[in-house]
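Inside the fold
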Amino acid sequence: MNEDRILFDHEKLKVYQHALGFIEFVNELCVKIDYRSDIRTQLERASNSVVLNIAEGNGKYSPKDKCRYFDIAVGSSFECSACLDILLRKKIISEVQLKNGKEQLKEIVAMLVGLIKSKSDRIYETDDEYKS
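Described in the following lines is the structure provided in the data block. Note that the structure is predicted; figures quoted are calculated from it, not measured.

1. Quick notes on the packing of helix 2 (residues 38–58) against helix 3 (residues 63–89)
Interaxial distance between helix 2 and helix 3 falls to 8 Å at its minimum, and their mutual angle equals 160°. Here helix 3 runs roughly antiparallel to helix 2, going by the angle between their axes. Every pair of crossing elements has a handedness; the one defined by helix 2 and helix 3 is left-handed. In the contact of helix 2 with helix 3, the residues fall into 14 nonpolar, eight polar and three charged.

In structure tokens form, the structure reads like this:
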């Protein structure tokens with residue numbers, strides 16, 4: 001990165017950089033999909049939404065506002081995951097591409113949940129409380 005480049009705060013977030021990386025992955029996938037396809041459009045919109053909501057949320061001042069946008073980014077990540085499932089079932093992507101995309105999304109969601117937990121007054125229980 002150019003040291004003279006002006007960076008906004010959201011650009012310094014690791015999750016933002018990972019989300020941009022996922023957009024690059026999506027772009028590579030979409031080259032193989034008809035540009036008129038509804039699933040292509042949905043995947044592009046949802047992946048863009050992850051990045052845009054991270055940026056917008058990070059610019060908010062109140063923790064509640066930040067968390068709302070980060071929650072939306074999590075939802076868009078799940079939407080991307082479902083799009084990948086559909087593409088696999090339609091035999092447009094491979095199992096390897098599905099795994100790669102889901103691994104990226106899992107990391108993005110984990111980072112977003114970490115941000116939400118650090119900014120939120122929500123009550124969280126440990127995973128152990130629900131294991132049988």
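2. With respect to helix 4 (residues 95–119)
Between the first and last C-alpha of helix 4 there are 36 Å, a value that for 25 residues agrees with the 36 Å anticipated at 1.5 Å per step. Among the residues of helix 4, those classed as buried are Q97, L98, G101, L105, I108, V109, L112, L115 and I116. The secondary structure elements touched by the buried residues of helix 4 are helix 1 (14–30), helix 2 and helix 3.

3. Details of the environment of Y35
With respect to the secondary-structure elements, Y35 resides in the loop between helix 1 and helix 2. Leaving out residues up to four positions away in the same chain, Y35 has contacts with R40 and T41.

4. Thoughts on the nonpolar core
The biggest cluster of nonpolar side chains holds 33 residues, and the ones touching the most others in it are F22, L43, I54, L84 and L112. Elements represented by at least two residues in this core include exactly helix 1, helix 2, helix 3 and helix 4. Here this core gets nine residues from one element, more than from any other, and that element is helix 3. Beyond its immediate stretch of four places on either side in the chain, L43 contacts V26, C30, C80, C83, L84 and L87.

5. Some thoughts on the packing of helix 1 against helix 4
Close contact between helix 1 and helix 4 brings their axes to 10 Å; oriented N to C, the two are set at 155°. As far as their axial angle goes, helix 4 and helix 1 are roughly antiparallel. Crossing of helix 1 over helix 4 shows left-handed handedness. In this structure, helix 1 contributes K14, V15, H18, A19, G21, F22, F25 and L29 to the contact, and helix 4 contributes Q97, N100, G101, Q104, L105, E107, I108, M111, L112 and L115. Residues that form the contact of helix 1 with helix 4 fall into these classes: ten nonpolar, six polar and two charged.

6. Here's the deal with the pattern of salt bridges
A full pass over the atoms with the stated rule returns seven salt bridges. Salt-bridge contacts for E11 lead to R5; the nearest nitrogen and oxygen are separated by 2.8 Å. The partner of D9 in a salt bridge is K12, and the shortest N-O contact between them spans 3.6 Å. For the pair formed by D9 and K12, the shared burial category is exposed.

About the criteria used
Residues numbered from 1 in each chain as written. Predicted model: local features only at pLDDT ≥ 70, side-chain atom pairs only at ≥ 80, totals over all residues. Heavy atoms only, no water. Axes fitted to C-alpha atoms, helices over the stretch in contact; angles between N-to-C directions. Helix = DSSP H or I, 4+ residues; strand = E, 2+ residues; numbered from the N terminus. Parallel < 35°, antiparallel > 145°, perpendicular 65-115°, else oblique. Left-handed = near helix turned anticlockwise from the far one by under 90°. Nonpolar A, V, L, I, M, F, W, Y, C, P; charged D, E, K, R; others polar. Expected span 1.5 Å × (residues − 1). Buried < 20%, exposed > 50% of the residue type's maximum accessible area, 1.4 Å probe, protein only. Contact = heavy atoms within 4.5 Å. Core = buried A, V, L, I, M, F, W, Y, C linked by side-chain atoms within 4.5 Å. Salt bridge = Lys/Arg side-chain N within 4 Å of Asp/Glu carboxyl O.

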